[in-house]
Amino acid sequence: NFAYSLKKTDFKPLANEEEYPFILTTGNLVHHCGTLSWYSENLKMVVKEGFCEINEKEAGRLGIRPNEWIWVESASGKIKTKAKLSNNLQSGVVFIPINFKELEVNSLMNKDKLVDWVKIYKT
């Protein structure tokens, strides 16, 4: 028999980096899986290019409109992409798919950090 015990820990919120107010999240799209799906003409008809998805209200606060070119910048690098506005994301979070080789999303990331923080601005 194994006995399990839970240890109480205090919640520690992530320290926000003032210069970079958004948490960057990445991942695959439903219609793409990895970067090899970029070579499929059929999948490119569904989603043809990379983007940065941002909460509609926050985009409005920044003066960003749908499909407008924006910069996404972290302490590690920056990329230029189009804005995709949505209500699917919480305030303070952005999403960039990893499926498009022209978007070097990894250049925004720091492997030594738990969370990658970014800022967004118009080009």
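Anything mentioned here points back to the structure above.
These notes cover the structure that comes with them. Fair warning: this is a prediction, and the values are worked out from it, not measured in the lab.

Quick word on the overall build of the protein chain
- The number of helices and strands found in the protein chain is two helices and six strands.
- Secondary structure elements of the protein chain, listed N to C terminal, follow the sequence β-α-β-α-β-β-β-β.
- Taken over 123 residues, the protein chain has a buried fraction of 39%.
- Carbon and sulfur atoms provide 52% of the accessible area of the protein chain, an area that totals close to 8600 Å².

Regarding the side chain of glutamate 53
- As for its position among the elements, glutamate 53 is in strand β2 (residues 51-55).
- Within the buried core, glutamate 53 has no salt-bridge partner, and the shortest N-O distance to an opposite charge, that of lysine 84, equals 4.8 Å.
- Among the polar contacts listed, one links the side chain of glutamate 53 to the side chain of serine 86, at a separation of 2.7 Å.
- When near neighbours in sequence (up to four residues on either side) are disregarded, glutamate 53 contacts Lys84, Ser86, Asn88, Leu89, Val93, Val94 and Phe95.

Some details on the pattern of salt bridges
- Counting across every chain of the model gives six salt bridges.
- Measuring nitrogen to oxygen at the nearest pair gives 3.7 Å for the salt bridge that ties arginine 65 to glutamate 68.
- The exposure class of arginine 65 is exposed, given its relative accessible area of 54%.
- Residue class for glutamate 68 comes out buried when judged on its relative accessible area of 16%.

Thoughts on the packing of aromatic side chains
- Enumeration according to the criterion identifies zero aromatic pairs in this entry.
- Taking the ring centre of tryptophan 71 as reference, the NZ or CZ of lysine 78 above it sits at 4.4 Å.
- For the cation-ring pair, lysine 84 lies above phenylalanine 51, with the distance from its terminal atom to the ring centre recorded as 4.7 Å.

Examining the pairing of strand β3 (residues 69-73)
- Summarising the sheet, β3 and strand β4 (residues 78-86) pair through five bridges and their orientation is antiparallel. Bridge pairing links valine 72 to isoleucine 79 in β4.
- As consecutive antiparallel partners, β3 and β4 are separated by four residues.
- Relative to strand β6 (residues 117-122), β3 runs antiparallel, the two sharing four bridges. In the strand pairing of β6, valine 72 is matched with isoleucine 120.

Considering the nonpolar core
- Counting 17 residues, the largest nonpolar core has Cys52, Ile70, Val72, Val94, Ile96 and Ile120 as the members making the most contacts within it.
- Listed by contribution, the elements that provide at least two residues to this core are β1 (22-27), β2, β3, β4, β5 (93-97) and β6.
- With sequence-adjacent residues up to four places away left out, isoleucine 96 is seen in contact with Leu24, Thr25, Thr26, Gly27, Phe51, Cys52, Val72, Ile79, Leu103, Val105 and Leu108.

Details of the sheet that holds β5
- The strand order around the closed barrel built from six strands is β1-β5-β2-β4-β3-β6, with neighbouring strands paired in mixed fashion. Strand-to-strand twist in this sheet, taken as the mean axis angle between neighbours without regard to direction, amounts to 45°.

Some points on the layout of surface pockets
- Within this model, the largest pocket holds a volume of roughly 170 Å³.
- Lining the largest pocket are eleven residues, with Glu49, Phe51, Asn67, Ala83 and Lys84 positioned closest to its centre.
- Per-element tally for the lining of the largest pocket: the top contributor is β4, with four residues.
- Its residues placed into classes, the lining of the largest pocket shows six nonpolar, two polar and three charged.

Definitions and limits used
- Counting restarts for each chain: residues are numbered from 1 in the order of the written sequence.
- In view of the model being predicted, local features appear only for residues whose pLDDT reaches at least 70, and side-chain atom pairs are presented and counted only at 80 or more, with totals across whole chains, interfaces and linings using the full set of residues.
- The side-chain figures draw on all heavy atoms in the structure; neither hydrogens nor water molecules are used.
- Secondary structure elements follow DSSP: runs of H or I no shorter than four residues count as helices, runs of E no shorter than two count as strands, and numbering proceeds from the N terminus.
- Here the term buried applies to any residue with accessible area under 20% of the maximum for its type, exposed to any over 50%, and partly exposed to those in between, with areas from a 1.4 Å probe on protein chains only.
- Residue burial considers only the protein chains on display, and all accessible areas are found by Shrake-Rupley using a 1.4 Å probe.
- For the purpose of counting charges, residues Lys and Arg are taken to be positive, whereas Asp and Glu are taken to be negative. His and the chain ends are not included.
- For this document, the term salt bridge refers to a Lys or Arg side-chain nitrogen within 4 Å of an Asp or Glu carboxyl oxygen.
- Residues adjacent in sequence count toward polar contacts only when both atoms are side-chain atoms; beyond that, a polar contact is any pair of N or O atoms within 3.5 Å, and within protein one must be able to donate a hydrogen and the other to accept it.
- Contacts are assigned to residue pairs with any non-hydrogen atoms lying within 4.5 Å of each other.
- Working definition: a ring pair exists when centres of Phe, Tyr or Trp rings (six-membered ring for Trp) sit within 6.5 Å. Plane angles under 30 degrees give stacked, over 60 give edge-to-face, the rest tilted.
- In this scheme, Lys NZ or Arg CZ marks a charge over a ring once it lies within 6 Å of the ring centre and within 35 degrees of the ring normal.
- We call two strands paired when DSSP finds no fewer than two bridges between them.
- Buried Ala, Val, Leu, Ile, Met, Phe, Trp, Tyr and Cys residues form a nonpolar core when they are joined through side-chain atoms within 4.5 Å.
- Fitting a line to C-alpha atoms yields each axis, with helices limited to the stretch in contact; the angle taken between N-to-C directions then spans 0 to 180 degrees.
- Lining residues are those with an atom within 4 Å of a point, where the points come from a 1 Å grid over the protein atoms alone and group into cavities, where a 1.4 Å probe fits but cannot get out, or pockets, open sets with protein on both sides within 12 Å along at least five of seven lines.
- Grid points are joined across faces, edges and corners, and a volume is the space filled by probe spheres set on the points.
- The classification used treats Ala, Val, Leu, Ile, Met, Phe, Trp, Tyr, Cys and Pro as nonpolar, Asp, Glu, Lys and Arg as charged, and all other residues, Gly among them, as polar.

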